[in-house]
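What the coordinates show
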Amino acid sequence: MTARTIHFVRFDPTFCSYSSSSFYYIHFRYTMTDDASIRAAKNAGGIAWEGSLMGAQNPKNFGFRYSTPSKRYRFADDDNDDKNGRQLPTNLQIQFQNRLGEELAQTLDVPTNASVDDLTALVHALLEASDDRKLPLSFYAKLPLDASNKSTLAPADDVEVTTTLVDLLQQHLSISTEHVLTLTYQPLAVFRVRPVTRCTDTLQGHAEAILHVSYSPNGKILASGGGDACVRFWDTFTNTPKFTSQGHKNHVLCTAWSPNGQRFVSADKSGVMIVWDPTTGQCIGKHMKAHKQWITGLTWEPMHSNVGKCERLASASKDASVRVWNVRTQSALYTLSGHTDSVEAVVWGGEGLIYTGSRDRTIKVWSADRGILVRTLVGHGHRVNSLALSSDFMLRTGPFDHKKSLFESPDEAYQAACDKYKEFRQQQGTERLVSGSDDFTIFLWHPEESKQPVKRLTGHQQAVNHIVFSPDGRYFASASFDKKVKIWNGFSGDFLCTLTGHVGAVYQIAWSGDSRYLVSASKDSTAKLWEMPSGKKARETLPGHADEVYALDWSPYGGSVATGSKDRTIKIWKN
């Protein structure tokens, strides 16, 4: 005999602030005595209230769930124990905030089996975002510091939520389920770059090893320089040469594009610096004897500074000095003196600060407007090889993005660059700096605020020679002579994974514009493609060069990668 009892339950909206009207739910309760009744129950479906207004049984409806025909619902209590036998809750108190620390709504009671997609939908609902503003989001949990880490600046570590809140609780035992957990949300790229898998073109023309390749900010022109003392410009659409620019008398050691893409500067081993017009391939002005010894680094002033003129650049040299130039007047504005040994790296930040790393083991922070020393960052035990800012990609591309590469006037381009930087600050907060050294370590800094490091990162077994932040600032990657690439959390500095596969020293690394892929160039004559953040094994190996791969760049918003080699060729890789 089959007994069937129907209960009518009225849902009171006052229990949940997200309901705007009353709802009625029918709860079917079956007492089964035969198979036919069981099949009937499975096919019943409907909407059921299971006695909890909020909970793991009702993860997406704030107090109710939809029961689906032929689908079993499992209570959270069935599998909510972690590996250490700790009883995990079915709900957590969550407080959402953006990167500036601005809280979104009040504390919410969220099921622990909520996924990243569920959290994204909830944040969009709270923001009342329109369809065109519903960007994919990443979430970071604020974890309490260990007792051994109280001397650092950061009040908490940022750990990314990659799957569900339950997995986060199981992986990090320091999270207290009795307190409010703060989740910081950050927008991700809305476009996707296809992974490069094959060589489409081989560009020949250089007579010596190629030391640098770099795409213009809008991705339309590729520039290269190397041991033959020539600078070459290539059309990225046809992959054919545009101009061969001669003027250097020695190896071209470093190059840089202006953020508006209207100038390209190159410097050589003799200390000579030349500014080129990439549309004609001709030298702009005279050749400048910038330093007494070879030039080790070049960096342009961000476009949102100085009314978007893009006239100033800084050059670093083995003569232990850094000079700031006005390329329009072809004159040196001032010299930054203070390092006692060769300056190996220089970057120009978005807040009017210039950062220099030297063989004297220090990093100095300078005011770009006044030319004075702001602070000195001390911590490395050997020379500093590389510096990277969390804003590097945004400053490099100036006003350009995946939607727009042409502007009707300089004022329009300047306004676009200002809006772009303002949005970056709102999403990511303070500018972060990382430094890599011959002492095998990496330091994470907040140089605008303090001279103390946020964290000291260890793991590499040989010198760290290149560091790059992902375009969205969520990660940074480090390349080393130990044949490894390591991925780190861009906010907290936590180690994420090691990318192994190269059999020679890794010289350079580059991110795709959507931060989903990383490509590395190595002494083993190959480049490798890695998928982020999950890929510990190379997704693709890009062979073809006959010798060491020195240079590497990924088109800012396109799907092509350029590699330059000791074999004197450039290879273009696409999907």
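Calculation criteria
- Residues numbered from 1 in each chain as written.
- Predicted model: local features only at pLDDT ≥ 70, side-chain atom pairs only at ≥ 80, totals over all residues.
- Heavy atoms only, no water.
- Core = buried A, V, L, I, M, F, W, Y, C linked by side-chain atoms within 4.5 Å.
- Buried < 20%, exposed > 50% of the residue type's maximum accessible area, 1.4 Å probe, protein only.
- Helix = DSSP H or I, 4+ residues; strand = E, 2+ residues; numbered from the N terminus.
- Contact = heavy atoms within 4.5 Å.
- 1 Å grid on protein atoms, 1.4 Å probe; cavity = no way out; pocket = protein on both sides within 12 Å on 5 of 7 lines; lining within 4 Å.
- Points joined across faces, edges and corners; volume = space filled by probe spheres on them.
- Nonpolar A, V, L, I, M, F, W, Y, C, P; charged D, E, K, R; others polar.
- Pairing = 2+ DSSP bridges.
- Axes fitted to C-alpha atoms, helices over the stretch in contact; angles between N-to-C directions.
- Salt bridge = Lys/Arg side-chain N within 4 Å of Asp/Glu carboxyl O.
- Expected span 1.5 Å × (residues − 1).
- Phe/Tyr/Trp six-rings, centres within 6.5 Å; stacked < 30°, edge-to-face > 60°.

Considering the nonpolar core
Most often, soluble globular proteins keep nonpolar side chains buried together rather than apart. Counting 26 residues, the largest nonpolar core has Ile 94, Phe 96, Val 110, Leu 119, Phe 139, Leu 181 and Leu 183 as its most contacted members. Only β5 (91-97), β6 (103-111), α2 (116-127), β7 (137-144), β8 (156-161), α3 (165-171) and β9 (181-187) provide two or more residues apiece to this core. The residues touching Phe 96, leaving out its near neighbours within four places in the chain, are Glu 102, Glu 103, Leu 104, Leu 108, Leu 119, Leu 122, Val 123, Leu 126, Phe 139, Leu 183 and Tyr 185. Val 196, Ala 527, Val 561 and Trp 573 belong to the second-largest nonpolar core, a separate cluster that totals 16 residues.

Quick notes on empty space enclosed by the protein
Rolling a probe over the atoms, with the probe sized like a water molecule, indicates the empty space that remains. Counting across every chain of the model gives 3 cavities of 30 Å³ or more. In terms of lining residues, the largest cavity is bounded by Glu 160, Val 161, Thr 162, Thr 163, Thr 164, Asp 167, Leu 168 and Gln 171. Of all the elements in the fold, those that place two or more residues in the lining of the largest cavity are β8 and α3. When residues in the lining of the largest cavity are grouped by element, the largest group, 3 residues, is from α3. A per-class count over the lining of the largest cavity returns 2 nonpolar, 4 polar and 2 charged.

Re the pairing of β9
Counted residue by residue, β9 has 6 buried out of 7 residues, so it is predominantly covered. Strand direction decides the pairing type here: β5 and β9, joined by 4 bridges, are parallel. Bridging from a neighbouring strand, Gln 97 pairs with Thr 184 of β9.

Topic: the sheet that holds strand β29 (residues 433-437)
Ordered in space as β28-β29-β30-β31, the 4 strands form an open sheet in which the pairing is antiparallel. One side of each edge strand has no neighbouring strand; the edge strands of this open sheet are β28 (384-389) and β31 (453-457). Taking each pair of neighbouring strands and ignoring which way they run, the sheet shows an average axis angle of 20°. Looking at chain direction, β29 and strand β30 (residues 442-445) are connected through 4 bridges and run antiparallel. Across the sheet, Leu 433 pairs through a bridge with Trp 445, a residue of β30.

Digging into the environment of Glu 449
Note that Glu 449 resides in the loop between β30 and β31. By relative accessible area, which is 53% here, Glu 449 ends up exposed. Counting along the chain gives 18 residues from Glu 449 to Glu 431, while the straight-line C-alpha distance between them is 9.6 Å. For Glu 449, the residues in contact, after removing those within four places along its chain, are Arg 375 and Thr 430.

Details of the pattern of salt bridges
What the rule picks out here adds up to 13 salt bridges. Arg 474 is paired through a salt bridge with Glu 160; the nearest N and O atoms lie 2.0 Å apart. Here Arg 474, found in the loop between β32 (464-469) and β33 (475-480), pairs with Glu 160, found in strand β8; they are 314 residues apart in sequence, far enough to count as distant. Both residues of the pair, Arg 474 and Glu 160, count as buried. Between Arg 425 and Glu 351 there is a salt bridge, with the nearest N and O atoms lying 3.8 Å from each other. Of this pair, Arg 425 sits in helix α5 (residues 410-428) while Glu 351 is found in the loop between β24 (343-348) and β25 (353-358), placing the two residues 74 residues apart along the sequence. A single network of salt bridges, built from pairs that share partners, joins Glu 160, Asp 472 and Arg 474.

What about α2?
Between its terminal C-alpha atoms α2 stretches 16 Å, which fits the 16 Å expected from 12 residues at 1.5 Å a residue. Taken together, the buried positions of α2 are Val 116, Leu 119, Thr 120, Leu 122, Val 123 and His 124. Downstream of α2 by a residue or two, Glu 128 has a phi angle that is positive, lying close to 55°.

Thoughts on the packing of aromatic side chains
Inspection of every chain in the model, using the stated rule, returns 15 aromatic pairs. Measuring from centroid to centroid gives 5.4 Å for Tyr 140 and Phe 491, while their planes differ by 65°, and the two rings are edge-to-face. Here the residue Tyr 140 occupies a position in strand β7, and Phe 491 occupies one in the loop between β34 (485-489) and β35 (495-499), the gap between them amounting to 351 residues. The buried category is assigned to Phe 491, whose relative accessible area is 8%.

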